[in-house]
Amino acid sequence: MNPQHPKKTTDFLIIGSGISGLSFALKAAELGSVTIVTKKAKIDTATNLAQGGIAAVLSGEDSFDLHIQDTLQAGAGLCNEEVVRLVVEKGPERIRELIELGVSFTSDETNPSELDLGREGGHSARRIAHAKDLTGKEIESSLLKRVAENPAISILEDHLAVDLLIGSKAGLAVSPHDRCLGAFVLDRNDNSISPYLAKITVLCSGGTGKVYLYTTNPDIATGDGIAMAYRAGAKVANLEFVQFHPTCLYHPQVKNFLISEAVRGEGGRLINEKGEAFMKKYDPRGDLATRDLVARAIDSELKASGGDCVFLDISHKPADFIKNRFPNIYRTCLSYSIDITREPIPVVPAAHYMCGGVLTDIMGRSSIDNLYAFGETACTGLHGGNRLASNSLLEAVVFAHQAFLSCQEVWPSLSKKPFSDVPPWSSGKAERIEECVLISHNWDQIRRLMWNYVGIVRSQKRLLLVQKKLRLILQEVLEHYHDFLLTPDLIELRNIAILSDLIVRCALTRKESRGLHYTLDFPAPDNTHWLKNTVL
Ligand code: SIN
């Protein structure tokens, strides 16, 4: 039996400790007690790795309309315009709030009262606030400091949410009246599982990059929030739109080091093995085309040349500028003997961002009462078929605020309701897993299959083939799930197996190419039938 501890109660249960979870926690603490569960150390988040920055209209040369247009154009017809307008218009206010919370963005050298604004693909103006190339780290550490000072917030590290508690019949099919009552949470220290009862539960557990063999994401990105929400009966959408970042460092010893798009924003050029700059062949915007196009162009260059990588060259810029603007990228590459001030950087595309997720409304509410989702876990309607670079940190802070406004409204009545009772976790006849290879083998197989069959360029044939293979693995994983006592690895394996199956289902459903979903069988967009979300 997995050991059990008594029920815990908290007004707000937040699953995930990135920018979304922490921003919401600081606001929700004004209403009640907040517990953040995070499955490793609190800093192990995708936010912490974000290099580029946070997009918002912050200069006189930019406008809300331009940022809205760029977001809609990147999103390939699938963005929700109301959400885009909201996020763009609320952006500057939320950035000011981050600054008040202690985030120190890089200032303009010639005019230190203004921020230095970067540029990235698909943006028609400079609008990316950044902290050199360590923006995520700066935001994460500042928010963690504020959270640590707040007595209403507790953070539980090494705690992994297993499943949501739904209605009075946890674990059973969901009816429209069901509501979320909290979650079962596993403590990694002793693998004990306890019910955490909450009035409001928030999924901010990040993305799904670990579903793929190569990813820029941290190890935590196993799609836990989306998989849990789906199992609980919530609607999930647009999971076929997996964004591949065009430029991940290609080096045998490096797992997931991103070379920020800001490098291209500052003049970096993609070149092939022969040293030819190739992007203009694919799009008139060249190296600053949107990510879907750049990743596809690289894929096509690699297929034509048979090479392992392409190169990103910024060495024509002054060395001092490069070292000052990209200190982290410069230092990291140098530690692998690549001097980016003198030579091109070998790069390949890697899975980077899930544009779909738990379907929410404009307040961050999922289709289950008292369950919210935002950040990469959610599909709010902002990104559509392809996320505009650096719009995600912005989405996180705007939706944390929207969700807070929504909670504030319901709190007078919700706060008076007692916590519901739920049955304890039952392990049935499950036994301890002795052969960990059963888990590691399936992990590896899933990630390789997804990389080889559900990558940047897809086909119906490959999708159907991989669906069969994944279903067999999923069946085996679900059997392990019932036969063995739960461990973090088994929980994550179940989540990536479910997510892979959902991504393939969405990809097979959409019989057209749009944004990040490109299939050889339907190479053009079909606006008559497919100008809509893929909802499961
Ligand atoms: C980057 O720095 O290229 C990543 C930014 C993002 O994914 O928005």
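Look a little higher up for the structure.
It should be emphasised that the depicted structure is a prediction, and the values quoted were computed from it without experimental measurement.

1. Description of the layout of surface pockets
Quantified by volume, the second largest pocket comes out at close to 700 Å³. Looking at the second largest pocket, it is lined by 29 residues, and the ones nearest its centre are Tyr 214, Val 348, Pro 349, Ala 350 and Trp 451. Elements with a contribution of two residues or more to the lining of the second largest pocket: strand E11 (242-249), helix H9 (291-305), strand E14 (345-354) and helix H13 (437-453).

2. Topic: unusual backbone geometry
For Ala 76, which is not a glycine, the phi torsion comes out positive at approximately 55°. For Ala 76, the location among the structural elements is in the loop between helix H3 (64-74) and helix H4 (81-100).

3. Details of the site of the ligand
In the neighbourhood of the ligand, the contacting residues comprise Gln 51, Gly 52, His 245, Leu 258, Ser 260, Glu 261, Arg 291, His 352, Arg 387, Ala 389 and Ser 390. Ser 260 is positioned with one of its side-chain polar atoms (N or O) 2.7 Å from an oxygen atom of the ligand. Within the contact set of the ligand, an oxygen atom lies 2.7 Å away from a backbone nitrogen or oxygen of Glu 261. Across the complex, the protein chains shield 94% of the 260 Å² of accessible surface that the ligand would expose by itself. In terms of residue class, the shell around the ligand is made up of 2 nonpolar, 6 polar and 3 charged.

4. Some remarks on the pattern of salt bridges
Here the structure, examined in full by the defined rule, presents 30 salt bridges. Ionic pairing is found between Glu 261 and Arg 264, a salt bridge with its closest N-O pair at 3.5 Å. Residue Glu 261 is classed as buried on the basis of its relative accessible area of 1%. The exposure class assigned to Arg 264 is buried, which follows from its relative accessible area of 2%. Here Glu 266 and Arg 325 are joined by a salt bridge, their closest N and O atoms 3.8 Å apart. Of this pair, Glu 266 sits in the loop between helix H7 (262-265) and strand E12 (269-271) while Arg 325 sits in helix H10 (residues 319-325), placing them 59 residues apart in sequence.

5. Comments concerning the pairing of strand E1 (residues 8-15)
Burial of E1 is extensive: 6 of the 8 residues sit out of reach of the surface. As judged from the 7 bridges shared by E1 and strand E9 (residues 192-203), these two strands associate in the parallel manner. Bridge assignment links Leu 13 to a residue of E9, and that residue is Thr 201. In this sheet, strand E2 (residues 34-37) lies alongside E1 in parallel orientation, the contact comprising 4 bridges. Pairing of Ile 14 across the sheet is with Ile 36, part of E2. Assessed by its sense of winding, the connection that carries the chain from E1 through helix H1 (residues 19-28) to E2 is right-handed.

6. Focus: the packing of H13 against helix H15 (residues 488-509)
Each pair of packed helices can be summarised by the angle the axes make with each other and by the distance between the axes. Packing of H13 against H15 brings their axes to within 10 Å, and their N-to-C directions diverge by 25°. With respect to H15, the axis of H13 lies roughly parallel. Once H13 is placed against H15, the crossing between them reads as left-handed. The segment H13 lies against H15, with Ile 439, Asn 442, Trp 443, Ile 446, Arg 447 and Met 450 engaging Asp 489, Leu 490, Glu 492, Leu 493, Ile 496, Ala 497, Ser 500, Ile 503 and Val 504. Looking at the contact of H13 with H15 residue by residue, the class counts come to 10 nonpolar, 2 polar and 3 charged.

7. As for empty space enclosed by the protein
Considering all chains together, one arrives at 3 cavities of 30 Å³ or more under this definition. Roughly 50 Å³ of internal volume is contained in the largest cavity. In terms of lining residues, the largest cavity is bounded by Val 242, Phe 244, Asp 292, Ala 295, Arg 296, Ile 456 and Leu 516. Residue assignment for the lining of the largest cavity shows that the elements contributing at least two residues are E11 and H9. Among the elements that take part in the lining of the largest cavity, H9 stands out by supplying 3 residues, more than any other. Along the lines of polarity and charge, the residues of the lining of the largest cavity split into 5 nonpolar, no polar and 2 charged. Approximately 40 Å³ is the volume found for the second largest cavity.

Cut-off values and rules
- Residues numbered from 1 in each chain as written.
- Predicted model: local features only at pLDDT ≥ 70, side-chain atom pairs only at ≥ 80, totals over all residues.
- Heavy atoms only, no water.
- 1 Å grid on protein atoms, 1.4 Å probe; cavity = no way out; pocket = protein on both sides within 12 Å on 5 of 7 lines; lining within 4 Å.
- Points joined across faces, edges and corners; volume = space filled by probe spheres on them.
- Helix = DSSP H or I, 4+ residues; strand = E, 2+ residues; numbered from the N terminus.
- Near = heavy atom within 4 Å.
- Polar contact = N/O pair within 3.5 Å; in protein donor to acceptor, adjacent residues only side chain to side chain.
- Areas by Shrake-Rupley, 256 points an atom, 1.4 Å probe, with all protein chains shown as cover.
- Nonpolar A, V, L, I, M, F, W, Y, C, P; charged D, E, K, R; others polar.
- Salt bridge = Lys/Arg side-chain N within 4 Å of Asp/Glu carboxyl O.
- Buried < 20%, exposed > 50% of the residue type's maximum accessible area, 1.4 Å probe, protein only.
- Pairing = 2+ DSSP bridges.
- Right-handed = clockwise from strand over helix to strand, strands pointing away.
- Axes fitted to C-alpha atoms, helices over the stretch in contact; angles between N-to-C directions.
- Parallel < 35°, antiparallel > 145°, perpendicular 65-115°, else oblique.
- Left-handed = near helix turned anticlockwise from the far one by under 90°.
- Contact = heavy atoms within 4.5 Å.

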